[in-house]
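A closer look at the structure
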Amino acid sequence: MKPTAVGGRYYLILLRVDQYAIAQALNIGVMLDVCSSTMMGQSVSKGRLTVKEKLVITIDGPAGAGKSTVSKALARRLSYLYLDTGALYRAFAYKVIEDGILPGDEKALAALCARIELHLDNIDGSLNVFVDSVNVTKMIRCEEVGLVASRVSAVSAVRERLLAIQRQAGDRGGVVAEGRDMGTVVFPMADYKFYLDASVEERVRRRYAELRSQRGSVDYKKVAEDLVVRDRQDKERKIAPLKASEDATIVDSTKMSVAEVVEKMISIIRGA
Ligand code: DC
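Scoring rules and cut-offs
Residues numbered from 1 in each chain as written. Predicted model: local features only at pLDDT ≥ 70, side-chain atom pairs only at ≥ 80, totals over all residues. Heavy atoms only, no water. Core = buried A, V, L, I, M, F, W, Y, C linked by side-chain atoms within 4.5 Å. Buried < 20%, exposed > 50% of the residue type's maximum accessible area, 1.4 Å probe, protein only. Contact = heavy atoms within 4.5 Å. Helix = DSSP H or I, 4+ residues; strand = E, 2+ residues; numbered from the N terminus. Polar contact = N/O pair within 3.5 Å; in protein donor to acceptor, adjacent residues only side chain to side chain. Near = heavy atom within 4 Å. Areas by Shrake-Rupley, 256 points an atom, 1.4 Å probe, with all protein chains shown as cover. Nonpolar A, V, L, I, M, F, W, Y, C, P; charged D, E, K, R; others polar. Pairing = 2+ DSSP bridges. Axes fitted to C-alpha atoms, helices over the stretch in contact; angles between N-to-C directions. Salt bridge = Lys/Arg side-chain N within 4 Å of Asp/Glu carboxyl O.

**Some thoughts on the nonpolar core**
- Core analysis: the biggest nonpolar cluster contains 37 residues, and F92, V96, L109, L118, V129, V158 and F187 have the highest contact counts within it.
- Filtering out sequence-adjacent residues up to four positions away, F187 remains in contact with V56, T58, L83, Q166, R167, G170, D171, A177, M182 and K193.
- Counting residues in each nonpolar core, the second largest holds 21 residues, with L78, Y82, Y192 and F194 among its members.

Now the structure itself:
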């Protein structure tokens, strides 16, 4: 390893092999760029890595805007942790459904907050979420859980319960945090904030295609209705509503591919 200081920032040139493990051990971030010759004003040779201080990058936006795909891709590009905060709300909602709690029953939700055990674990590079030691990562991906997550996320006791877990996961930096209030509430001091949006029609189209590929037959009208309901719930709730942080860069992905969105974000992060 050869540390070099450039323009007040410290870089380490590492071999590609074991880059993530080394970066984790050193508690520093890794920026991987095997194609480009210039990064943040610093020359990088092909096939090598530029490692820089760990950043906190937030991506907020409505359902179906492509946040998960873009956040995962960006985290992979930077060798950062991908923090899917929606998965925490979904995991909580999963338990709400399992325990037969009504999403509007604030007393029962507060009691659940006191007894539920939630934790995140990075298994083979992907984030898994556990409820009372059960891995629910795959079980929380349906629309029913999404809608209940949206309902219970309006309750302050629930938001408070999940806040500490999110901050703990991201406080060492080197994270791409995705959700609804990442830039406004959870990581207000984030280094880069993005608000990813797309037209309602395009978001419905994407969500429909995603669900169809998972389940086969899906009702387009129902997908559209659920998305509109979720938009309204997430934007109109009193606590931490979905909105762009004042210092966020708004990216409209309606006519952009995932790769284009990621490139745009990378170029902003590089200051290009
Ligand atoms: O991103 P998602 O669709 O998995 O999120 C499910 C719901 O969880 C979303 O409709 C609102 C809630 N949520 C939230 O309130 N705050 C977050 N940071 C993430 C999700």
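**Things to note about the side chain of S153**
- Counting through the fold element by element, S153 comes out in the loop between α5 (143–152) and α6 (156–170).
- Taking relative accessible area as the criterion, S153 reaches 4% and is therefore assigned buried.
- Polar contacts involving the side chain of S153 include one to the side chain of R237, which spans 2.9 Å.
- In this view, S153 contacts Y89, R159, D234 and R237; residues no more than four positions away in its chain are not counted.

**A word on the site of the ligand**
- Near the ligand, the surroundings consist of 16 residues, among which R90, R159, R230, D234 and R237 are the closest.
- T85 places a polar side-chain atom, nitrogen or oxygen, 3.0 Å from a nitrogen atom of the ligand.
- Contact between the ligand and S153: an oxygen atom at 3.3 Å from a side-chain N or O atom of the residue.
- For the ligand, whose unbound accessible area comes to 450 Å², protein coverage reaches 98%.
- Elements with a contribution of two residues or more to the shell around the ligand: α3 (85–98), α5, β12 (175–179) and α9 (220–236).
- Classifying every residue of the shell around the ligand by side-chain character gives three nonpolar, five polar and eight charged.

**Points about the sheet that holds strand β10 (residues 126–131)**
- Read across the open sheet, the three strands follow the order β9-β10-β11; overall the sheet is antiparallel. Edge positions in the sheet fall to β9 (118–123) and β11 (134–135), since each has one partner strand and no second.
- Where β9 and β10 come together, six bridges link them in antiparallel fashion. Looking at β10, one finds that N122 is bridged to L127.
- Contacts from α3 reach β9 and β10, with the element oriented near 25° to β10.

**Comments concerning the pattern of salt bridges**
- On inspection of all chains with the given rule, the structure shows 16 salt bridges.
- Salt-bridge contacts for R206 lead to E202; the nearest nitrogen and oxygen are separated by 3.0 Å. Of the two residues, R206 and E202 both sit in helix α8 (residues 200–215), four residues apart, roughly one turn of that helix.
- Two residues, D234 and R237, come together in a salt bridge whose shortest N-O distance is 3.8 Å.
- Through salt bridges with shared partners, a single ionic network connects K95, E98, D99, R115 and D132.

**Description of the environment of M189**
- Within the secondary structure layout, M189 lies in the loop between α7 (182–186) and β13 (192–197).
- Overall, M189 belongs to the exposed group, its relative accessible area being 74%.
- For the pair M189 and T58, spaced 131 residues apart in sequence, the C-alpha to C-alpha distance is 9.9 Å.

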